[in-house]
Protein chains: 2
Amino acid sequence: MKIALAQLNYIIGDFDFNTKKIISAIHDAKAKGADLVVFAELSVCGYPPRDFLEFSEFIESCENSAQQIAKECVDISCIIGLPTKNPKIEGKDLFNSAYFIENGSVKAVVHKALLPNYDVFDEYRYFEPAVDFKCVDFMGFKIALTICEDLWNINDNPMYVTCPMDELIQEKPDLMINIAASPFAYNHDEERVLILGDNSRKYKLPMFYVNQIGAQTEIIFDGGSLVFDEEGALLDEMPYFTEAVRIYDYDQGKIQGLEAFQHEPQGDIEQIHDALVLGIKDYFQKSGFTKAVLGLSGGIDSALVCALAAEALAPENVMAVLMPSEYSSDHSIQDALDLVQNLGCKHEVIPIKEATLAFQNMMKPVFKDLPFSVAEENIQARSRAIVVMAMSNKFGYILLNTSNKSECAVGYGTLYGDMAGAIGVLGDVYKTQVYKLANYMNRERDIIPQNSIVKPPSAELRPGQKDSDSLPEYDTLDAVLFQYIELKKGSESIIQMGFDEALVRRVLKMVNVAEFKRNQAPPILRVSPKAFGVGRRMPVVGKYAG
Amino acid sequence: MKIALAQLNYIIGDFDFNTKKIISAIHDAKAKGADLVVFAELSVCGYPPRDFLEFSEFIESCENSAQQIAKECVDISCIIGLPTKNPKIEGKDLFNSAYFIENGSVKAVVHKALLPNYDVFDEYRYFEPAVDFKCVDFMGFKIALTICEDLWNINDNPMYVTCPMDELIQEKPDLMINIAASPFAYNHDEERVLILGDNSRKYKLPMFYVNQIGAQTEIIFDGGSLVFDEEGALLDEMPYFTEAVRIYDYDQGKIQGLEAFQHEPQGDIEQIHDALVLGIKDYFQKSGFTKAVLGLSGGIDSALVCALAAEALAPENVMAVLMPSEYSSDHSIQDALDLVQNLGCKHEVIPIKEATLAFQNMMKPVFKDLPFSVAEENIQARSRAIVVMAMSNKFGYILLNTSNKSECAVGYGTLYGDMAGAIGVLGDVYKTQVYKLANYMNRERDIIPQNSIVKPPSAELRPGQKDSDSLPEYDTLDAVLFQYIELKKGSESIIQMGFDEALVRRVLKMVNVAEFKRNQAPPILRVSPKAFGVGRRMPVVGKYAG
């Protein structure tokens with residue numbers, strides 16, 4: 001039996017696009033001799049469809065697509081993922097299902113039992129968990145077919161009280177197939193290899209695991225589909241961040257012609273780089289846009305975003321706008337111009353002095369002689385937002401946001417100012433990681449000017465301002481933030497680790513107070529296990545500070 | 001047995017505040033002869049605590065508060081709500097629980113079985129559902145104690161496969177107590193009376209139902225706690241939108257001294273009014289702010305928000321900023337000034353001409369002679385946002401957002417411009433409801449100038465502009481939006497109702513395309529069964545348009 005794994009990039013709700021792509025992969029796989037092509041979880045509609053699932057016409061479109069796909073399954077079978085209706089009155093109205101299609105019709109339907117409902121996941125919002133389990137017979141083999149999370153309940157603190165494979169194994173299946181929508185985080189490839197290998201070892205079965213690739217707004221799927229032998233040894237790993245279809249030969253109870261090897265993870269920074277490039281690219285392609293605009297300050301964050309955008313969209317599609325003020329240093333402008341030259345992207349220089357003077361005059365009757373404060377600082381940041389948004393509105397550029405995760409965390413940014421943008425490129429990348437990423441961008445030649453990398457970070461909103469005037473040094477700040485955000489430790493636990501008590505309390509309070517800002521921030525490309533946005537849901541009005 | 005129902009207003013994560021409030025109510029009830037005081041769901045930490053629940057120090061604080069409360073229970077018992085740890089390894093780590101406290105210690109713990117995970121609810125994100133059910137014995141009576149959703153599975157399309165009362169009824173309880181966190185929507189009081197009465201009738205038991213009141217950012221709890229006799233007749237209904245404690249006499253199997261009556265719902269508009277006033281008030285009080293700022297255009301939306309804010313915060317705490325441009329009509333300025341005078345709130349007039357001229361000059365080298373477009377319109381809206389945010393930054397005013405639900409739906413608003421604000425007051429109120437609400441505000445005297453109500457709506461961002469240039473008439477628009485948003489009908493179903501096909505397709509497309517704007521909008525006070533924000537989760541990048 002020849003099994004093809006199709007690791008593809010879908011568009012949520014674009015049934016024509018997804019159906020055509022699936023059918024085309026079926027024809028290709030058939031031409032190459034495959035007996036079965038396996039597509040990812042909810043491949044028919046894209047993942048995550050969110051509340052589109054609550055529209056019955058959306059569910060009907062999924063079924064219509066499945067019927068179109070079924071018609072193409074002549075002398076080849078396939079597995080696709082889609083939502084299906086729960087025929088019972090009790091329970092939620094939908095299942096998260098897989099269709100096993102053979103000879104032009106649906107031969108078996110498998111429902112997902114374990115519904116992730118943590119971090120970015122909301123599956124119990126829509127789906128009823130499966131309670132019946134049955135293997136699928138195909139070409140004389142018994143296949144234990146499961147969906148993503150169904151295989152993830154085998155650690156020390158299982159989140160669910162049932163374990164689908166413990167049920168399916170009663171039927172003595174020959175192999176396992178799992179269809180997934182498993183999002184990228186810089187450590188998730190290693191977790192996947194571990195957990196799926198554990199399943200193969202535990203059940204003594206070969207495993208075919210197919211993930212999807214592609215960014216869906218903030219959630220990035222990285223592919224890396226996997227094949228294991230019946231002893232849990234890794235036999236193949238499909239590429240990351242790119243579409244691929246590979247065909248495997250399963251015969252005489254074994255996967256033929258492959259040698260076991262160790263998973264060699266890419267470095268975190270390299271993975272984050274690849275994820276961000278795909279994240280930008282897919283945001284634009286799937287929204288139907290081609291051109292990006294951003295404010296280029298001469299600092300490292302905007303330089304890095306500019307370089308990533310040039311890689312994702314091509315330099316000629318990136319417009320960098322330099323918006324110096326009276327507080328901008330000369331080197332900032334030069335650093336920004338150097339970057340533009342290194343990249344070959346477009347640029348404009350639009351000083352903001354006229355705007356800030358205008359607001360100064362307009363506010364004078366109200367502000368009178370009150371001293372310069374954050375109000376005047378924010379007027380600068382917001383005037384810049386008006387300029388780049390005007391470029392967006394006039395020419396169809398999409399604004400990229402350049403705030404990093406450290407800034408987002410403590411609220412060191414201006415709402416409706418530098419926090420503006422359609423998509424946050426670095427919002428899940430701590431400042432200390434930003435430096436590493438900038439150096440990685442320069443691995444072959446200097447793209448980001450060294451001066452942008454080595455100079456002390458500054459918002460340049462008042463004379464001589466430095467980030468360190470308002471914030472702890474980034475090494476310390478990021479270390480505390482990681483404990484609080486990624487590891488969910490409270491103030492007491494973090495202080496017990498040896499961090500300064502006053503600093504910890506101050507940082508945690510800043511994080512919680514900034515919730516109202518993050519609540520209005522753009523979606524942030526998720527590259528860590530805990531990103532701001534849909535995967536971290538905090539009360540805006542609430543008193544708890546760790 | 002005397003049972004006190006305590007319908008109180010909590011602050012999420014403010015353990016000192018909540019604990020003191022609960023203890024004070026216990027002492028008061030004891031002084032009035034109560035044997036048992038019943039508090040609402042998650043009363044110890046406030047509802048919804050969201051991802052604070054993932055912090056173990058937060059859970060420990062809940063337990064500490066419960067122990068403090070228990071110490072005060074001398075010669076009186078109480079029921080409080082809090083998250084508790086699941087001692088089993090399998091399943092989620094927490095339960096949503098009720099403590100029954102007697103003689104200074106926890107006598108019984110009841111866990112919630114039905115975990116709402118739709119609209120604004122995410123309970124399965126945190127909690128394991130209960131599978132064991134047991135009544136609580138107290139003063140010789142058997143109490144069937146349940147938590148909110150546990151009683152809501154008795155309609156025609158039950159969302160859950162279990163029904164807790166069907167289990168508890170086996171023990172032949174004497175009465176039911178349900179502790180709730182049931183949010184306001186203009187139709188939800190009627191649903192509550194119906195569902196809880198149905199429970200009393202089905203199980204032939206008296207019912208004591210305690211809700212909470214108070215706004216938690218966007219979610220507003222309206223109270224209206226209920227008491228039913230064993231035949232499902234309504235015996236008492238506590239007030240809406242205000243704290244209250246009432247004591248009931250349960251003796252000889254019956255609730256004594258009360259007559260059955262019919263629930264008389266307030267009008268929708270009156271309820272929405274009360275909810276919005278509470279929503280504004282609690283946003284400010286719980287955030288520690290007192291003063292609001294908003295842009296006052298002379299139009300009906302900002303006039304209405306200004307009047308609601310004056311009612312919630314007192315007129316002297318409301319700063320209305322008039323920001324006329326060359327496209328503002330004379331009557332707009334006069335209408336705004338009339339409103340300010342009617343309300344007695346503060347105001348400033350800050351024309352934006354200087355700013356728009358500055359941006360015009362700054363953009364000239366790039367825009368050259370391109371015609372006036374949405375870019376120039378948005379510069380005006382965004383310049384106004386800079387002005388009101390400068391007022392906020394300089395003086396500590398909090399900006400109120402004035403966008404209505406019709407605008408939010410179709411994206412008729414400027415991101416970082418008139419879409420700015422800390423809290424959206426009218427974002428769940430359709431334009432057709434805005435008119436009704438304005439007339440309601442004027443029920444005793446003219447507060448909102450008639451001219452603001454009767455003139456054709458206009459953004460006044462270009463000469464002679466009217467909303468109807470870009471949008472269908474609001475009567476039609478709102479009717480289509482209601483079908484799509486509240487009733488989740490797709491385009492085909494809406495067209496079949498008789499609406500114009502092209503109009504329906506255009507409106508639904510506008511709604512979906514505007515998702516990226518709404519994604520960065522402020523939290524919106526929820527007054528309908530389906531508000532934009534946390535209760536409606538759509539992909540930002542996605543192709544489906546109904």
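What comes next concerns the included structure. (Residues numbered from 1 in each chain as written. Chains lettered and ligands numbered in written order. Predicted model: local features only at pLDDT ≥ 70, side-chain atom pairs only at ≥ 80, totals over all residues. Heavy atoms only, no water.)

### Thoughts on unusual backbone geometry
Residue and element names in this part refer to chain A.
Argument step 1. Y47 connects to P48 through a cis peptide bond whose omega is -5 degrees.
Argument step 2. Secondary-structure assignment places P48 in the loop between β2 (36-38) and α2 (56-71).
Argument step 3. A positive phi angle, close to 50 degrees, is found at K368, a residue other than glycine.
Argument step 4. Accessibility expressed as a relative area gives 57% for K368, which makes it exposed. (Helix = DSSP H or I, 4+ residues; strand = E, 2+ residues; numbered from the N terminus. Buried < 20%, exposed > 50% of the residue type's maximum accessible area, 1.4 Å probe, protein only.)

### Section: helix α5 (residues 268-287) of chain A
Argument step 1. For α5 of chain A, which comprises 20 residues, the first-to-last C-alpha distance of 28 Å matches the rise-based estimate of 28 Å (1.5 Å per residue) to within 8%.
Argument step 2. Following α5 of chain A by one or two positions, G288 of chain A adopts a phi angle in the positive range, close to 80 degrees. (Expected span 1.5 Å × (residues − 1).)

### So, empty space enclosed by the protein
A water-sized probe, rolled over the atoms, reveals where empty space remains.
Argument step 1. Considering all chains together, one arrives at twelve cavities of 30 Å³ or more under this definition.
Argument step 2. Taken together, 45 residues make up the lining of the largest cavity; nearest its centre are N519 and V534 of chain A together with N519, G533 and V534 of chain B. (1 Å grid on protein atoms, 1.4 Å probe; cavity = no way out; pocket = protein on both sides within 12 Å on 5 of 7 lines; lining within 4 Å. Points joined across faces, edges and corners; volume = space filled by probe spheres on them.)

### Notes on the packing of helix α1 (residues 15-31) of chain A against α2 of chain A
Residue and element names in this part refer to chain A.
Argument step 1. With their axes 10 Å apart at the nearest point, α1 and α2 run at an angle of 25 degrees to one another. Accordingly, the angle class assigned to the pair α1 and α2 is roughly parallel. The two elements α1 and α2 cross, and the hand of that crossing is right-handed. Here α1 contributes F15, T19, I22, I23 and I26 to the contact with α2, which in turn contributes F58, S61, C62, S65, Q68 and I69. (Axes fitted to C-alpha atoms, helices over the stretch in contact; angles between N-to-C directions. Parallel < 35°, antiparallel > 145°, perpendicular 65-115°, else oblique. Left-handed = near helix turned anticlockwise from the far one by under 90°. Contact = heavy atoms within 4.5 Å.)

### Things to note about the nonpolar core
Soluble, globular proteins show a tendency: their nonpolar side chains are buried together.
Argument step 1. Counting 194 residues, the largest nonpolar core has F39 of chain A together with F39 of chain B as its most contacted members.
Argument step 2. Membership of the second largest hydrophobic core comes to 57 residues, among which are Y240, L304, L308 and A312 of chain B. (Core = buried A, V, L, I, M, F, W, Y, C linked by side-chain atoms within 4.5 Å.)

### Overview of the packing of helix α8 (residues 353-367) of chain B against helix α9 (residues 374-395) of chain B
Residues and elements named next belong to chain B.
Argument step 1. Taken N-terminus to C-terminus, the directions of α8 and α9 make an angle of 145 degrees; their axes are 10 Å apart at the nearest point. Considering the relative orientation of α8 and α9, their crossing is right-handed. Note on element contacts: α9 touches α8 through A375, E376, I379, Q380 and S383, opposite A355, T356, F359 and F367.
Argument step 2. Across the contact of α8 with α9, the residue classes break down as five nonpolar, three polar and one charged. (Nonpolar A, V, L, I, M, F, W, Y, C, P; charged D, E, K, R; others polar.)

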